[in-house]
Amino acid sequence: MILLWALLIVQSGFTSDEWYTVTLNPSVRYGYYHDHVEIQGDRIIFQNHYWKHEEGFLNEEHLGGFSKNDPDLTPLFFNFQSKYRATEIKIDGTVKDGKWLTVKIHKTGQELPIITRTIPKKIILSIFFPVWLGKTLPSMKPGQTISFTTLLEDNLEASFNPVSGRVRLEKPDDYARKTSSQKLNVNYRDQQSIWYVDKKGIPLKMDLLSSKARVDRVSKETAERFLQE
């Protein structure tokens, strides 16, 4: 079966909105986020808005990514903003010809040195991983492992070096059969997680084993109440 994401590569005007909650250890309500995907002609836009409850504060992050509407999801540019107490970070990255990366960083009003580097072919912005999954799953078989390479949009510590990962399609378990989803084992940034994705390649649930966190797809109303209850 061809998944919807594979078809979307040629369709303009598509939009998708999904909301998620994040729970830690195993009942601490940590945060919630909103993913918005939109296809506009030869571009795909992915926006993420994340609310986190940290040390008594509600902190927000905004991440936007733009890629070409092509089979490789070739990166074009991204922007990231976060605010934690008195620290504010703004990052703007641009990719030229699919291989030249330039990143401008502002931290609490100060402009940091510009980072420039070459990036490998077939690298994707990390925010586009669900889109990549939807394109890749139709050709995967249970037990098969496929590698991928991403560019982390907030990766100040690693100076925006590429990050590799692996994904393996597992045999369905009870939850996968009940939800008609596919079970994936994802190893990324040396952290293992289990993903359950729907027919569009969009996550229903993620168990982040290393950090003992769980991510659940929910309604907008449930997400917005999550940190208030």
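Parameters at a glance
Residues numbered from 1 in each chain as written. Predicted model: local features only at pLDDT ≥ 70, side-chain atom pairs only at ≥ 80, totals over all residues. Heavy atoms only, no water. Helix = DSSP H or I, 4+ residues; strand = E, 2+ residues; numbered from the N terminus. Rg over C-alpha atoms; globule rule 2.2 N^0.38 Å. Buried < 20%, exposed > 50% of the residue type's maximum accessible area, 1.4 Å probe, protein only. Areas by Shrake-Rupley, 256 points an atom, 1.4 Å probe, with all protein chains shown as cover. pLDDT = per-residue confidence, 0-100. Contact = heavy atoms within 4.5 Å. Core = buried A, V, L, I, M, F, W, Y, C linked by side-chain atoms within 4.5 Å. Polar contact = N/O pair within 3.5 Å; in protein donor to acceptor, adjacent residues only side chain to side chain. Phe/Tyr/Trp six-rings, centres within 6.5 Å; stacked < 30°, edge-to-face > 60°. Lys NZ or Arg CZ within 6 Å of the ring centre and 35° of its normal.

Draft legend 1. Layout of the overall build of the chain. When you go through the chain residue by residue, the secondary structure sums to four helices and 16 strands. On C-alpha atoms alone, the chain measures out to a radius of gyration of 18 Å, which is about the 17 Å that the 2.2 N^0.38 rule sets for 229 residues. Each principal axis of the C-alpha distribution contributes one length, and for the chain these read about 50 × 45 × 35 Å. Here the chain, with 229 residues, has 47% of them falling under the buried criterion. Within the structure as shown, the chain displays about 12,300 Å² of accessible surface, and the carbon and sulfur contribution to it stands at 49%.

Draft legend 2. Representation of the confidence of the model for the chain within the structure. Residues of the chain with pLDDT of at least 70 account for 94%, and the chain-wide mean is 91. Per-residue pLDDT stays below 50 along residues 1–10; that stretch engages in 32 contacts with residues further than four places along the chain or on separate chains.

Draft legend 3. Fine view of the nonpolar core. Ranked by size, the top nonpolar core spans 49 residues in total, and within it Trp132, Phe160 and Leu184 carry the most contacts. In contact with Trp132, not counting residues within four places along its chain, are Leu73, Ile124, Ile146, Ser147, Phe148 and Val167.

Draft legend 4. Region of the structure containing helix α2 (residues 129–136). Counting buried residues along α2, seven of its eight residues qualify, which places the element largely inside the surrounding structure. Along α2, the positions that sit buried rather than exposed are Phe129, Pro130, Val131, Trp132, Leu133, Gly134 and Thr136.

Draft legend 5. Broad picture of the side chain of Asp216. For Asp216, the position within the fold is in strand β16 (residues 213–218). With a relative accessible area of 16%, Asp216 lands in the buried category. Polar side-chain contacts of Asp216 include one of 2.7 Å to the side chain of Arg214. If near-sequence neighbours (up to four positions away) are discounted, Asp216 is found in contact with Trp19, Tyr20, Thr21, Leu204 and Lys205.

Draft legend 6. Summary view of the packing of aromatic side chains. Overall, the coordinates contain 14 aromatic pairs when judged by the stated rule. When the centroid spacing of 5.2 Å and the interplanar angle of 90° are considered together, the rings of Phe129 and Trp195 count as edge-to-face. Taken together, the residues span a long stretch of sequence, with Phe129 in helix α2 and Trp195 in strand β14 (residues 191–197) at a distance of 66 residues. For the pair shown, Phe129 and Trp195 are each scored as buried. Geometrically, the ring pair formed by Phe148 and Tyr188 is tilted, given 5.5 Å between the ring centres and 40° between the ring planes. One end of the pair, Phe148, is in strand β11 (residues 145–151); the other, Tyr188, is in strand β13 (residues 182–188), with 40 residues separating them in the sequence. Lys52 extends its terminal NZ or CZ atom over the ring of Tyr50, reaching a point 4.8 Å from the ring centre. When the ring centre of Tyr175 is taken as reference, the NZ or CZ atom of Lys205 above it lies at 4.2 Å.

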